[in-house]
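Results of the structural survey
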Amino acid sequence: MNKVSGILKLGLVTLAAATGLMGILLLLSLAGAVHANVDAPTVDVVPGTAQAQVGPPQVITTVQFPPGIGLRPTAVGVNPATGYVYVTNNLSNDVSVISGTSVITTLAVGIEPSAVGVNPMPGYVYVANEGSNNVSVISGTTVITTLAVGSLPQAVGVNLSTGYVYVANRNSHNVTVISGTDIVTTLAAGSSPRAVGVNPVTGYVYVANWDSNNVTVISGTGVITTLGEVIQPQAVAVNTATGCVYVSHRGMPFVTVISGTNVITQIMAGFVNSAMDMNSNTGYLYVATLPGGVAVISGTEVVAEITVGESPVALGVNPATDYVYVSNQDSNDVTVISGTSVITTLMVGTSPVAVGINPYTGYVYVANEGSDNATVLSGTAVVTTLAAASWPGPVGVNPATGYVYVANWGSNDVTVISGTSDITTLVGGKYPQAIGVNPATGYVYVANWGGNDLTVISGTSVVTALAVGEFPWDVEVNPSTGYVYVANENSPGVTVISGTSVVATLAAGAWPWDVEVNPSTGYVYVANNYSNDVTVISGTGIVAILPAGAWPAAVGVNPVTGYVYVANGSSHSVTVISGTNVVTTLAVGAWPQAIGVNLATGYVYVANGNSNSVTVISGTSVVTTLTVGSRPIDVGANSASGYVYVANQDSNNVTVISGTNAIATLAVGAGPVSVGVNPSTGYAYVANHYGHSISIVGEPAARRIIYLPIVLKD
């Protein structure tokens, strides 16, 4: 689906809004005349437009957003030797590196990083990626290698005395042993190992096996015994002074105590929520209990039961101050304990799930999974909150003002760019997913998937927010009528807006995914993913429901010919519609997911995500198929210049097409996911989702129409 740039026919559609279809044809005629006489006059470019260049389009600059916390931070590791803090971001597949109170960089790792272990002596950091079955090894701020391990690695333990690293692989029921950057061996464990505890004094390693109800004991690179009748072990903590090992059982009212290779007792401690941490100075073990408590254990006795916030899920002890920090997931706060008493409660972000402590600086780092940020504490005070990374995605362009709007999924805001400058950032809704622009009124509509609302912007100011349906996924504007159509994944299907008011709510098919407007007919086409059909709307009423292929994901419209193109992901086809009738179905590449239309030539460009290709269509026929980069995900077409830009997410580049030929490949930032084109300036804006940046591509001046005032010289 081309939810981002809406095939970016804005320059032509703007004229269509004022003069109808004849305006489009007039502009196309003007384009042909200018292209035929590009060598006759000299062009003075008005300030604010692109400067002349020779050859194909080029990347002229990059707008870099500051680094931040990634999506769904779930674990924190601290290297006290360097001061670096590593936050694993489970949803964005990266690690945020913090120094002091600033995020200094973001490192791409494997899929779904879920656990981190640190060996401060060589400075190696081990990140277990449960989705890709490997471990990323980091040194400082660089990923130096990736090691294949077992299936679904979920826990990492480091023996600081030997340097051995133990990775518990939940689905393959084994433990990978690493030394430095090399795998030493793989050891069989029990069923579904979930936690690792290390006693660096004895060298014993304890692996909690959830499904087989036992604990595997390892010494060095060999298994020495298995301890049975340990019911659903979930977490392990070690008292290095006494040698006692404590095993928690989630939802069970006790903690099992092990000494060496023997189970010695069970301690009744309330309904345990698995999280534990040991204060080596006092010998106190702090155990999180449900629904909101902490049991304090000394040796084999409970010495205190403390009330904390709701659903405590993580604990951290600062051995320098003896403060204990308890993150309470459901009450969004951290309880600070000294000894057996609560001394304060600090509000943090949403759903705090992990705690990391640097005992040298005293900073405490709390990963807030729900708000995608991290709170930094010192002692009993909140120092700062480290904002979420931008994760730029949808791009919208207003050719009338020149403003470019970039919706940032991670930081829940909108960056406004003018030309090649990042000029301001506007607070938006939660998880902005799509942008629609009305160049006639200047209103910009941002659909916020996580907030079920729409942010309305005018210029560089937020005007209002409108409640829409559940999970708004796409938004499109009819510049002729001013109606705005919002496709909501869940009920109700389509919200219709005029200006800043909701005027209608329409039922659509199952899971409406993409919406596009034909400004010449006024028809609106909504692709419904689950019901495999297209809802056709006129004004505020539904006029037809048309069959499509399997999983229709993107719609492209040519208002000159009237043809509408629907990309069907699962059936690898494109349904061609005229008005309210299906004309034909064309076979294309694997998993078509975005469409761009060049109104001047009539060519339609279909990005096939799984076959790394673009199918070129003219009218109702396939003309050719072009090889592009890896996983093409969006298409932006500049009908004035004829250049078409294909964002290739996995190869970090953009393929430039002219007509039926791929003429250039441009390296951009990591994970380009969307393209926005300003036909007035010739700039193409590429949102690099994983690189947290915008690559700006400039076109040769001779190949475009400049919509701003120009002076022609003899």
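Not measured: the values here are computed from a predicted model. (Residues numbered from 1 in each chain as written. Predicted model: local features only at pLDDT ≥ 70, side-chain atom pairs only at ≥ 80, totals over all residues. Heavy atoms only, no water.)

This part takes up the overall build of the chain. Counting secondary structure elements, the chain contains two helices and 66 strands. On the principal axes, the C-alpha backbone points of the chain span a range of 90 × 50 × 45 Å. Per element, the accessible surface of the chain, about 23700 Å² overall, is 49% carbon and sulfur. (Helix = DSSP H or I, 4+ residues; strand = E, 2+ residues; numbered from the N terminus. Areas by Shrake-Rupley, 256 points an atom, 1.4 Å probe, with all protein chains shown as cover.)

What follows is about the sheet that holds strand β64 (residues 683–688). The strands that make up a sheet pair up through hydrogen bonds in the backbone, lying either parallel or antiparallel. Judged by pairing direction, the sheet is antiparallel, and its four strands sit side by side in the order β2-β65-β64-β63 without closing on themselves. The open sheet has two edge strands with one neighbour each: β2 (58–64) and β63 (672–678). Averaged over all neighbouring strand pairs, the angle between strand axes comes to 25°, with direction disregarded. Pairing of β64 with strand β65 (residues 693–698), which is carried by five bridges, proceeds in the antiparallel orientation. Paired with A687 across the strands is I694, a residue of β65. (Pairing = 2+ DSSP bridges. Axes fitted to C-alpha atoms, helices over the stretch in contact; angles between N-to-C directions.)

Buried residues dominate strand β40 (residues 443–448), accounting for five of its six residues. Where strand β39 (residues 432–437) meets β40, five bridges bridge the pair, whose relative direction is antiparallel. Looking across to β40, one finds that P432 is bridged to N448. What sits between the antiparallel neighbours β39 and β40 is a turn of five residues, in which G442 has the positive phi angle 85°. Taken together, the six bridges between β40 and strand β41 (residues 453–458) define a ladder with antiparallel strand orientation. (Buried < 20%, exposed > 50% of the residue type's maximum accessible area, 1.4 Å probe, protein only.)

Further remarks concern the side chain of N688. Take N688: it is sitting in strand β64. Since its relative accessible area comes to 0%, N688 is described here as buried. At a separation of 3.0 Å, a polar atom in the side chain of N688 contacts the side chain of S695. Setting aside residues up to four positions removed in sequence, N688 forms contacts with P392, V668, G669, A670, G671, P672, S693, I694 and S695. (Polar contact = N/O pair within 3.5 Å; in protein donor to acceptor, adjacent residues only side chain to side chain. Contact = heavy atoms within 4.5 Å.)

Now for the sheet that holds strand β53 (residues 573–578). Spatially, four strands are ordered β51-β52-β53-β54 in an open sheet, and the strand pairing comes out antiparallel. Among the strands making up the open sheet, the edge pair consists of β51 (552–557) and β54 (581–587). Taking the axes of each pair of neighbouring strands and ignoring which way they run, one obtains an average angle of 25° across the sheet. Two strands pair when backbone bridges link them, and β51 and strand β52 (residues 563–568) are joined in this way by five bridges, in the antiparallel orientation. Looking at the pairing, V557 lines up with V564 of β52.

Mapped onto the fold, D372 is located in the loop between β32 (363–368) and β33 (373–378). Of the buried charged residues, D372 lacks a salt bridge, with R72 as the closest side chain of opposite charge at 6.7 Å. Within the structure, D372 has its side chain in polar contact with the backbone nitrogen of R72 (distance 2.8 Å). Side chain to side chain, D372 and Y431 meet in a polar contact 3.3 Å long. Here D372 is in contact with I69, G70, L71, R72, P73, A387, A388 and Y431, once residues within four sequence places are set aside. (Lys, Arg positive; Asp, Glu negative; His and termini not counted. Salt bridge = Lys/Arg side-chain N within 4 Å of Asp/Glu carboxyl O.)

Attention shifts here to unusual backbone geometry. In this chain, L290 is followed by P291 through a cis amide linkage whose omega measures 5°. Turning to its location among the elements, P291 is positioned in the loop between β24 (284–289) and β25 (293–298). Its identity is not glycine, yet L152 carries a phi of approximately 60°, on the positive side. Summarising the element assignment, L152 is placed in the loop between β10 (142–148) and β11 (153–158). In this structure, N412 is a non-glycine residue whose phi angle is positive, near 55°. Positionally, N412 belongs in the loop between β36 (403–408) and β37 (413–418).

With that settled, the discussion passes to the environment of V355. Its place among the elements puts V355 in strand β31 (residues 352–357). With a relative accessible area of 15%, V355 lands in the buried category. Between the C-alpha atom of V355 and that of W511, which follows or precedes it by 156 residues, the distance is 38 Å. Setting aside its immediate chain neighbours within four residues, V355 contacts V76, A314, L315, G316, Y325, S327, V364 and Y365.

This part takes up the confidence of the model for the chain. Put simply, the chain has an average pLDDT of 89, and 90% of its residues get 70 or more. Note that pLDDT drops below 50 for residues 1–53; the model gives that stretch 126 contacts with residues more than four away or on any other chain. Within the model, pLDDT remains below 50 along residues 702–714, and this stretch shows 41 contacts once partners closer than five positions in the same chain are excluded. (pLDDT = per-residue confidence, 0-100.)

All right, on to the packing of aromatic side chains then. Where two aromatic rings form a pair, the distance of their centres and the angle of their planes describe that pair. Counted by the stated rule, this structure contains 24 aromatic pairs. Taking the centre distance of 6.2 Å and the plane angle of 90° together, the rings of Y284 and Y286 count as edge-to-face. On the basis of relative accessibility, which here comes to 23%, the residue Y284 falls in the partly exposed class. Taking relative accessible area as the criterion, Y286 reaches 1% and is therefore assigned buried. When the ring of Y603 is compared with that of Y605, the centres are 6.4 Å apart and the planes differ by 75°; the resulting orientation is edge-to-face. A connected cluster of aromatic rings, assembled from ring pairs, spans W473, W511, W513, Y530, W551 and W591. Directly above the ring of W210 sits R194, whose terminal nitrogen or CZ lies 4.4 Å from the centroid. (Phe/Tyr/Trp six-rings, centres within 6.5 Å; stacked < 30°, edge-to-face > 60°. Lys NZ or Arg CZ within 6 Å of the ring centre and 35° of its normal.)

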